[in-house]
Structure formats: C-alpha cells, structure tokens
Amino acid sequence: MAITRSRTAEEELLQKIPPEEHLQMYRSMVLIRRFEEMAGKMYMQAAIGGFCHLYIGQEAVAVGIQSALRPDDYVMGTYREHGQILAAGSDPKAVMAELFGKVTGVSRGKGGSMHLFDREKNFMGGTAIVGGNLPIAAGVGFAIKYRGGDQVCVCYFGDGAVNEGAFHESLNIAALWKLPVLFVCENNLYGMGTQVTRASAVPDLERRVVGYGIESAQVDGMDLLAIRKLADTAVQECRSGRGPFFIEAKTYRYRGHSMADPATYRTKEEVEEWRVRDPITRYEKQLLGAGILNDDDIQNVSREVDEIVEESVRFAEESPLPAPHELYTDVYAAEI
Ligand SMILES: Cc1ncc(C[n+]2csc(CCOP(=O)(O)OP(=O)(O)O)c2C)c(N)n1
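These figures come from a predicted structure and were not determined experimentally.

Parameters and conventions
- Residues numbered from 1 in each chain as written.
- Predicted model: local features only at pLDDT ≥ 70, side-chain atom pairs only at ≥ 80, totals over all residues.
- Heavy atoms only, no water.
- Phe/Tyr/Trp six-rings, centres within 6.5 Å; stacked < 30°, edge-to-face > 60°.
- Helix = DSSP H or I, 4+ residues; strand = E, 2+ residues; numbered from the N terminus.
- Buried < 20%, exposed > 50% of the residue type's maximum accessible area, 1.4 Å probe, protein only.
- Near = heavy atom within 4 Å.
- Polar contact = N/O pair within 3.5 Å; in protein donor to acceptor, adjacent residues only side chain to side chain.
- Areas by Shrake-Rupley, 256 points an atom, 1.4 Å probe, with all protein chains shown as cover.
- Nonpolar A, V, L, I, M, F, W, Y, C, P; charged D, E, K, R; others polar.
- Salt bridge = Lys/Arg side-chain N within 4 Å of Asp/Glu carboxyl O.

Chemist: Account for the packing of aromatic side chains, naming residues and giving values.
Modeler: In the structure shown here, the tally under the stated rule is 10 aromatic pairs. Considering the side-chain rings of F142 and Y146, the 5.8 Å spacing of their centres and the 25° angle between planes classify their relative orientation as stacked. Of the two residues, F142 and Y146 are both situated in helix α6 (residues 133-146); the distance of four residues between them amounts to about one turn of the helix. You can call F142 partly exposed: its relative accessible area is 39%. Given a relative accessible area of 69%, Y146 falls into the exposed group. A ring pair is formed by F167 and F246, whose centres lie 6.3 Å apart and whose planes are at 80°; its orientation type is edge-to-face. Of this pair, F167 sits in helix α7 (residues 165-176) while F246 sits in strand β7 (residues 245-250), placing them 79 residues apart in sequence. Taken together through their ring pairs, the aromatic side chains of F157, F167, F183 and F246 make up a single cluster.

Chemist: How would you summarise the site of the ligand if you had to cite specific residues and measurements?
Modeler: The full set close to the ligand counts 15 residues, and Y79, R80, A128, G160 and Y190 are the nearest of them. A distance of 2.6 Å is found between an oxygen atom of the ligand and a side-chain nitrogen or oxygen belonging to Y79. Between the ligand and the protein, one listed contact pairs a nitrogen atom with a backbone N or O atom of V130 at 3.1 Å. In isolation the ligand exposes 580 Å². Once the protein is present, 72% of that is buried. In the shell around the ligand, the residues fall into seven nonpolar, five polar and three charged.

Chemist: Please provide a residue-by-residue account of the pattern of salt bridges, values included.
Modeler: Oppositely charged side chains can pair when the atoms bearing their charge come close. In the structure shown here, the tally under the stated rule is 19 salt bridges. The closest approach of N and O atoms between R70 and D150, which form a salt bridge, is 2.6 Å. Note that R70 is positioned in the loop between α3 (59-66) and β1 (74-76) and D150 in the loop between α6 and β2 (153-158), a separation of 80 residues in sequence. Residue class for D150 comes out partly exposed when judged on its relative accessible area of 39%. One salt-bridge network, in which partners are shared between bridges, spans D220, D223, R277 and R282.

Have a look at this one:
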C-alpha cells in the first residue's frame, strides 16, 4: 500500500473524530514535545544520567497509534520511549522521576530513560537492545491469543531494527501463528549516524515484510490524522484475528541519536526541511482551520502542559533516591 492522503479524507476524519478527542491528541503531542525539551535541559544540568534519547519530531506516531487503541491493549517500547509511554497515558511526574533515578519513578528508579515500565497502562517496557522488543511483543501476542483475548500488542522499533535477526524471527512467528501484533517501524532515516540507505539493501522498508505475507502500509509519520486513519484499520485487522500488521511511518528526529550526539552526519538544511513539516504545527493548523480549536484553546493547552512539565521536574527533584536495600527488591518475580 503506498502513502495516500487526500484533502477530503483529511476533512472527513477531522469531522468524524469528536472535538474532545482532537483536543486530547493535540495536548498529548504538545506534552511530549515540552516534556522532551525539559528532559534535554535536565540532562544538560546533569540531573539525568546515563543515555537519553529524545522523541522530538516523532510525536504524531505514538499519539496517532495510541489513539486507535483500547486501554487494555499492550505497548512495547524502544529506548526512545519517553513519548511512547506518555502517549500511553503514564503520569509525567513518575516518568520524569524515573529519568532522575528516583524511587517514585515508573520503574522505581532502577530503569532510567531506557527502561520505563507501567503495568497499569499495559506499557510493557522500553528496551535498550535494538530489535530486542520484537520477540517480546510476539510473546505478548501469543499470550493474548492463548488466553482467548481480543487485545492487540503494539511494538515500536526503528529502521535500524529491521536489519536484526530478531525482527525476521518475530515477524515470521507472528504471521505463522496469526498473533495480534501491530509492528510499527518508526523510520526516522537514521540508525545512530547511519542513513537507512547505507544500512538496508532495500531501503523501502515496507517491502522487507512481503516475504512473511503480513499486511502492511506506509504512512507519513508527520501527519497525525493519516496515522490515526491507518491505525484504525491496522488495529482492527489485528483484533479480528487475521494476524499481525506492519506499519512503516516515515518520520524524523530533530535532535541527535542521543544527548551525546552532535549529529554532524546530516545537514542543517535537511533538519530544516523536516521541521517545516512539523507534526504539531500541522495538526494545530488543521484544527484551527476546521474551527475545532481556537487561539484560546491553543494557549490554554500550552499553559496547562508547561505546568505539568514544571510540576514533574519539581516532583522528581523532591523525590528520594532508592534506598540501598532496594538493590535486592524487584530483582526476581518472587522474593528469595
Ligand atoms: C542489538 C544492538 N545492537 C546495537 C546497539 C547500539 N545501538 C543503540 S541505538 C542504535 C541505532 C538504532 O537505530 P534505529 O533502530 O533506527 O532507532 P532510532 O534510534 O532511530 O530510534 C544502535 C545501533 C544496541 N543497543 N543493540
């Protein structure tokens, strides 16, 4: 399926989705953007240690996909998962506290940026291993099927993961056993500093899944409404028991691979070209144009989100570090 977008389809969707849902999706994207900008700032002040991979530029993907899910569906994240877990509805305070390594964090301060978990939101974790989350997602899909449920497991990964063995093993078994897994490849064009054209023999990543007989589609990853539309279809496919679905979302990260990356492997012009297509600005214009939001609504969201982010930092700063004895808790499923 090629990338498709038409004016009328866009207008139809703008009208079809209730205004309060539009507001929620818009707020979610702005929250992720501001949260990530703050995380970057906190990292530079050494309040956050270790690695830190920001999601800025990719907000429409997680928010669009999440908007098509039910609360009992599952999500498997990557190490670029701050945006993915916030889209899933986790408390920004607990996410920021985790980045600070505090005991009030979503992983009680033991996971950090790359290992955010939230059992309550069925967010099954970030993973530091490229492609390492795909077999786990297949396992979650198997568990859903084994228990006779109709939930779906979304699995996010980057263009780099497509060249890992785990990708192929997971897609094969998911297709063979018709597991309800929605594979979402966030193709942001780079795996660290390597352009996808230098890493993948077939850079048109959607074609890489043809051999597994999996339904697939590409989508403009900077277009929230297009993602939402495709996600509705894809989630329905998975939920109906017809097996997995693969989405390639063509997106872009504005910042370097991690906070340690000055991103000298690409030009400023390239970054600017993508910024012109910014997913938040684009959606904002669509909502204003359709009269769904007005300037006051936009300002209210901005103020509200800034307060949430400020509060999350305050909460993280004031929270204690895990006590030394916590080294021995939550290590095994049962205490030993
Ligand atoms: C199995 C494995 N190999 C290598 C690495 C080092 N590594 C971390 S991120 C990354 C790039 C992955 O890029 P991509 O999958 O496109 O995701 P993105 O960072 O663009 O979101 C690499 C090679 C790793 N963490 N795991």
